[in-house]
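Structural overview
As a plain string of letters, each chain reads:
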Amino acid sequence: MAQDLVLKQRSEILCGLCASGSPEPLERVLDVLLACGEFSWEDYHNVRVQGRPLHANARHLLDLVYAKGEAACQAFTEAIREVRPEDPGRVTGMLLTRRPTLVAELQSCMDGALEALLESGCFTHEDCGDVRLPIHTPSQQVARRLLDHVSSKGESAANVVLLFKSFFTSILVYLSITELLIYQKKLRSSVSAQSSFLNTYGGTGHMLLDDIYTEGQLELAQDCKDQGHLGLEDIIGTAGNVNQEADTVLISGDAGSGKSTLLQRLHLLWARGATLPEFVLLFPFSCRKLNSELNELSVQKLLFHHCCWPDRDQDEIFRFILDHPHLVVITFDGLDELKQSFSDERRVCCPTEPAPVHVLLFNLLQGSLLKGVRKVVTSRPEAVGSTLRKHLRKELFLKGFSPDGINCFVKKQHHDLSVASKVLASIQANTALFGLCHSPVLCWIVSQCHKELLGCGDGTPQTITDVYLMILQHFLQHQNASKCSEGATLLQEHLGGILHLGQLAFQGVEASCYVFAGTDLETCCVTDKEICAGFLTQSKEMSFPQSLRYEFLHVTMQCFFAALYIVLSNNTDRSTVAKLFEADFSSTCFWSCLSVDHRQGLAENPNSQITATFVSGLLSQRHRHLWLHCTPTTTVEKKARQVVRCLHNGMQEHFKSIPPPVQCEKKSMHAMPGFVWLIKCIYEMRESNMAEEVLSQLEVDHLKMTYCNIGPVECTALAYVLKHLRSPVGIELDNNSVGDVGVEQLLPCLHICKSLYLRNNNITDEGIRKLVAKGIQCDNFQKIALFNNRLTDACTQHVSHLLKTKQNFLSLRFVLGNNNITSEGAKQLAKGLECNHSLTHLGLWGNKIGDSGAEAIAGALEGSKTLAWLRYYFLFAGPVVSLASLRKCSTLQLIPLPLLHCTRLTENCITREGVDCLVQALERNKRIKSVW
Ligand code: ADP
């Protein structure tokens, strides 16, 4: 079909490839064909004959592709789609939008600009004459004429002028603009070739990033009101900058949350000129690949050897980078995978001084090298310590897919809509699985294994281990000629291969090695068949293009194989399991101030934690039957007992860290970093008895898990484990990413929850609806805090229902704070307040309930015998206070409430007259102790 298309639309395709006059589209198509393996170097050189007219080259390309058959034509048509410019008039459009500045700036350097245009071939001598003449024209007019002329010449001429303007206006011209453009072009095509395909699909078919990319949830790490939705431009943009002096932006997120894919998207769009147009050069690095660079290098060598080699004028191009750092971006993917942890001990300031790669990297990040060049680095949060945080311009969190994102991703994966909707229905029917699918890597696996998913009926995966077992069986079945064996038999048939890959993975996790050479594979006896099974993918190495290297599809896949090895091999040492679970419990400082810069032990490595999570899952009772024919049952049981002991001891260490309660205060435990991980391991085992036994020793009134990176997946695990608590607790989950799906996951433990703090958690009205529906059935549930979520008037009917129904409910503290409740919502809420006789705390800060809403609430509270504390600021919407309402609300009605002893009225629009009213009322009220 694609072959047909190539034939029938030949003239349109030719026109599309050659219309701009630039060879760029053709070359980008060639890049793509090379990258996906449809073209060899020989084909490439046959098409790209220097000196032959562009049309002739394009025709030759079409002939060759057609002759190669359907698969090549398919790849070709996708490549055509891929290189089609996103917005053909984008650069010329910029000439128009920036015209006033350009006219002002160009008038002093017309000669340079014209020379650059001549040199690049965009202008002829006649064009230059047209612009300059007549000689006495004022220079602004000449600049305008130049811009008009450039616009008529199209995108490449516009690009030359913009580039020229950005760096030639005030400096010595030591580098020809053509050389820079040539280098930029080379860099762009290399970046494009590296980023067009999803790199983890090597073994399972080619997947264009354009076809599958789905936007993830990107948020600023710092609390930032009204930050809204962040996109790729915000990575470099000004939003959320906390340190203007620093160059480095950190994107943190869990393994599989999409950090590499996000960077890949950024690279691809930059290569096409569709984003970050103000940056002339972009150098992408992968930290896992930098691990294999053992030589000392200078920064210049690092950039050119590892990213893109300038064919000429290397020193001049490097000088350009030094002199114009603001036009350059460097990205480092996966700092957590670098063998060395960040340190700012060794300073290197000289760009020509050779140093080990990690030293260069640290100096780049902290700004001692290439100061002013913007650096973007991704990492898992556990691997970023306080030393690096000092050097950050800002930090962003990537939080995986939103529920809409899951929907969109699954539809992109399955073009057959009936399959997509069945997969989605199956995911949504299982809330635990829906939670898991917020992680893009898990969503990908679930979509890949859609046949298995749809075939397993009610037994759809619940845990992360279940999902990885599903893909293991999926790939193994694809390898099987007979395709009839499954479960234990299938694993037994492939035991050899699993152990070979497992050993490779295990040794890699121990040594922080994620890219493997042929010799590593040989040492672990990995055969060609095992390489092709789908778990490994070929690594694209710029610096070692000749040698074949491999990596696992994803780092979590490597951890899964390492776990399989630990469970199934007889060669691991007895202490392996213990070491895996060993954590540094001696530290008592909390997450936010914990420095993990001195990673030494195995358990401090985030990959060991993921491996341990899988080991727990694989050794659970539910999965033991799978290993029946692979290893003696007694060995598996022994290892399982060891895991249970480790989890038990780990939790004990946490419980021991609970300080004795301060007088008159509740006994409170602040979760330390490993706590949530241990909870997740217990959940992977899904053994109620064990969870119950472990928790029997936890005696606290309040469990604080703020800033613990808790999303829907963690909520499922928390609810599973905490529901076994013996007495009710307060659960504080402020500043996490619980969201509506997480709220739903928490419901199974709501009966042991006295108070639930969910401040700053991206919760909407729908989450509140579900929470209230369950909350009214739970006797212990008495307090809720929802400050800074995404609530609107629609949630007030549910909250109102809660107030009417639950006559032991105590606190709606900050309930509506910083949400978007208007007077309508306040009136709805007032209906609930009128019928409630138990509430002692109410917080209304940061809403827009206006005078009428305030009056309704004040009316409802009239005569309340219980309300002791009222947070009431930002009550009035407009700048002009209605004195009547103020009098009615704040003074005449609220102040005389018998138990009210604290009133906060700050940030309202209270005038002098209002204050007089307050004073009069206070004279009559003997209980008020403080007024803010
Ligand atoms: P991380 O770098 O955070 O470990 P990756 O970017 O490697 O995560 O993502 C793992 C896998 O998840 C990718 O190979 C891809 O299949 C899928 N994925 C991640 N982010 C996206 C996205 N934005 N759109 C589509 N798929 C994604």
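Residues numbered from 1 in each chain as written. Predicted model: local features only at pLDDT ≥ 70, side-chain atom pairs only at ≥ 80, totals over all residues. Heavy atoms only, no water.

Labelled according to an unreviewed UniProt entry, the protein chain appears under the name Nucleotide-binding oligomerization domain containing 2, originating from Hippocampus comes. As stated in UniProt under Sequence similarities (unreviewed entry), the record for the protein chain gives "Belongs to the NOD1-NOD2 family." (UniProt positions renumbered as here; feature names shortened; annotations may be inferred.)

Glancing now at the overall build of the protein chain. Summing up its helical and strand segments, the protein chain has 45 helices and 19 strands in all. In the protein chain, which comprises 932 residues, the proportion classed as buried is 57%. In the protein chain, of all internal contacts separated by at least 6 residues, the share reaching a separation of at least 24 is 78%. Carbon together with sulfur atoms contributes 52% to the accessible area of the protein chain, which is approximately 38500 Å² in total. (Helix = DSSP H or I, 4+ residues; strand = E, 2+ residues; numbered from the N terminus. Buried < 20%, exposed > 50% of the residue type's maximum accessible area, 1.4 Å probe, protein only. Contact = heavy atoms within 4.5 Å. Areas by Shrake-Rupley, 256 points an atom, 1.4 Å probe, with all protein chains shown as cover.)

The environment of the ligand is formed by 20 residues, the closest being Thr214, Gly256, Ser260, Thr261 and His554. A distance of 3.2 Å is found between an oxygen atom of the ligand and a backbone nitrogen or oxygen belonging to Ser257. Here an oxygen atom of the ligand and a side-chain polar atom of His554 are 2.8 Å apart. Computed on the free molecule, the ligand has an accessible area of 550 Å², of which 94% lies beneath the protein chains in the complex. Where the shell around the ligand is concerned, the elements lending two or more residues are helix 16 (259-271) and helix 25 (440-448). Its residues placed into classes, the shell around the ligand shows 10 nonpolar, eight polar and two charged. (Near = heavy atom within 4 Å. Polar contact = N/O pair within 3.5 Å; in protein donor to acceptor, adjacent residues only side chain to side chain. Nonpolar A, V, L, I, M, F, W, Y, C, P; charged D, E, K, R; others polar.)

Our focus in this paragraph is the confidence of the model for the protein chain. Model confidence for the protein chain is summarised by a mean pLDDT of 82, while 84% of its residues fall at 70 or above. Below pLDDT 50 for its whole length, residues 169-174 participates in 10 contacts with residues either more than four positions away or in separate chains. Within the model, pLDDT remains below 50 along residues 871-902, and this stretch shows 117 contacts once partners closer than five positions in the same chain are excluded. (pLDDT = per-residue confidence, 0-100.)

If you walk across this open sheet you meet the six strands as 1-6-2-5-4-3, and the pairing is mixed. Of all the strands in the sheet, the pair left with one neighbour each is strand 1 (218-220) and strand 3 (281-286). Strand-to-strand twist across the sheet, computed as the mean angle between neighbouring axes with direction ignored, equals 20°. Pairing between strand 2 (residues 248-252) and strand 6 (residues 392-398): five bridges, direction parallel. Looking at strand 6, one finds that Ser252 is bridged to Phe397. Across the face of the sheet, helix 16 comes into contact with strand 1, strand 2, strand 3, strand 4 (328-333), strand 5 (374-379) and strand 6 while running at roughly 155° to strand 4. Together, strand 3 and strand 4 form the strand contacts of helix 18 (residues 299-306), whose direction differs from that of strand 3 by roughly 85°. (Pairing = 2+ DSSP bridges. Axes fitted to C-alpha atoms, helices over the stretch in contact; angles between N-to-C directions.)

Attention shifts here to the packing of aromatic side chains. Summed over all chains, the structure comprises 19 aromatic pairs. For the ring pair Phe401 and Phe409, a centre distance of 5.2 Å and an interplane angle of 35° mean the geometry is tilted. On the accessibility criterion, Phe409 (5% relative accessible area) is buried. Look at Phe560 and Phe561: their rings are 6.1 Å apart centre to centre, the planes differ by 80°, and that puts the pair in the edge-to-face class. By relative accessible area, which is 1% here, Phe561 ends up buried. Here the basic side chain of Arg188 rests over the ring of Trp270, its NZ or CZ set 4.5 Å away from the ring centre. (Phe/Tyr/Trp six-rings, centres within 6.5 Å; stacked < 30°, edge-to-face > 60°. Lys NZ or Arg CZ within 6 Å of the ring centre and 35° of its normal.)

Counting 252 residues, the largest nonpolar core has Phe283, Phe561 and Met705 as its most contacted members. The greatest single-element share of this core, amounting to 11 residues, is contributed by helix 32 (residues 555-568). Residues lining this core come from more than one domain, with at least three contributed by each of domain 2 (90-169) and domain 3 (177-401). Dropping the residues within four chain positions of it, Phe561 is found in contact with Leu472, Ile498, Leu501, Gly502, Ala505, Phe535 and Phe552. The next biggest cluster of nonpolar side chains, apart from the first, holds 28 residues, and it includes Leu30, Leu62, Leu64 and Leu208. (Core = buried A, V, L, I, M, F, W, Y, C linked by side-chain atoms within 4.5 Å. Domains from an automatic or database assignment.)

Buried residues of helix 37 (residues 688-695): Met690, Ala691, Val694 and Leu695, and no others. End-on view of helix 37: buried residues confined to an arc of 125°, all on one side of the axis. Looking at the buried positions of helix 37, the neighbouring elements they touch are helix 35 (633-656), helix 36 (673-685) and helix 38 (712-722). (Arc of directions from axis to C-beta.)

In spatial order, the strands read 7-9-8; together these three strands make up an open sheet with antiparallel pairing. Looking at the sheet topology across the chains shown, the edges are occupied by strand 7 (516-517) and strand 8 (536-538). Along the sheet, helix 29 (residues 495-511) makes contact with strand 7, strand 8 and strand 9 (549-552), crossing strand 9 at roughly 85°.

This next bit is on a positive patch on the surface. A contiguous patch of positive charge, built from Arg574, Lys638, Arg641 and Arg645, is present on the exposed surface. Within the secondary structure, Arg574 is located in the loop between helix 32 and helix 33 (575-581). (Patch = residues over 30% accessible without salt bridge, like charges linked within 9 Å, V, L, I, M, F, W, Y side chains within 5 Å. Salt bridge = Lys/Arg side-chain N within 4 Å of Asp/Glu carboxyl O. Lys, Arg positive; Asp, Glu negative; His and termini not counted. Charge placed at Lys NZ, Arg CZ, Asp CG, Glu CD.)

Before going further, it helps to spend a moment on the environment of Asp701. Along the chain, Asp701 falls in the loop between helix 37 and strand 11 (702-704). Every residue in contact with Asp701, bar those within four places of it in the chain, is listed here: Lys666, Lys667, Val729, Gly730 and Lys754.

Here we come to the pairing of strand 12 (residues 729-732). Of the two faces of strand 12, the one holding Val729 and Ile731 and the one holding Gly730 and Glu732 are both buried throughout. Note that the unit made of strand 11, helix 38 and strand 12 has a crossover that is right-handed. Handedness of the crossover joining strand 12 and strand 13 (residues 753-757) through helix 39 (residues 739-746) is recorded here as right-handed. (Right-handed = clockwise from strand over helix to strand, strands pointing away.)

Bringing the side chain of Thr613 into the picture now. Following the sequence through the fold, Thr613 ends up in helix 34 (residues 606-618). Dropping the residues within four chain positions of it, Thr613 is found in contact with Thr465, Trp677, Lys680, Cys681 and Glu684.

In this section: the packing of helix 35 against helix 37. For the pair helix 35 and helix 37, the least separation of the axes is 10 Å and the interaxial angle reads 30°. Between helix 35 and helix 37, the angle falls in the class roughly parallel. Our pair here, helix 35 against helix 37, has a crossing hand that is right-handed. Side by side, helix 35 and helix 37 meet where Val644, Leu647, His648, Met651 and Phe655 of the first sit next to Met690, Glu693, Val694 and Leu695 of the second. Its residues assigned to classes, the contact of helix 35 with helix 37 comprises seven nonpolar, one polar and one charged. (Parallel < 35°, antiparallel > 145°, perpendicular 65-115°, else oblique. Left-handed = near helix turned anticlockwise from the far one by under 90°.)

Next up on the list: the pairing of strand 3. The element strand 3 is largely enclosed, with a buried count of five among its six residues. In this structure, strand 3 lies alongside strand 4, joined through six bridges in parallel fashion. In the strand pairing of strand 4, Ser286 is matched with Asp333.

Across all of its chains, the model carries 27 salt bridges by this definition. Note that Arg389 and Glu395 form a salt bridge whose closest N and O atoms lie 3.1 Å from each other. By relative accessible area, Arg389 is classed as partly exposed at 31%. Look at Glu395 and you get buried, because its relative accessible area is 6%. Close ionic contact of Glu824 with Lys827 constitutes a salt bridge, the shortest N to O distance being 3.6 Å. Within this pair, Glu824 and its partner Lys827 are both found in helix 42 (residues 823-835), separated by three residues, close to a single helical turn. Judged by relative accessible area, which is 32%, Lys827 ranks as partly exposed.

Bringing the environment of Phe197 into the picture now. Along the polypeptide, Phe197 turns up in the loop between helix 13 (177-195) and helix 14 (209-212). Under the relative-accessibility criterion, Phe197 is labelled buried at 8%. Put simply, Phe197 and Asp210 are 13 residues apart on the chain and 8.2 Å apart in space, counted from C-alpha to C-alpha.

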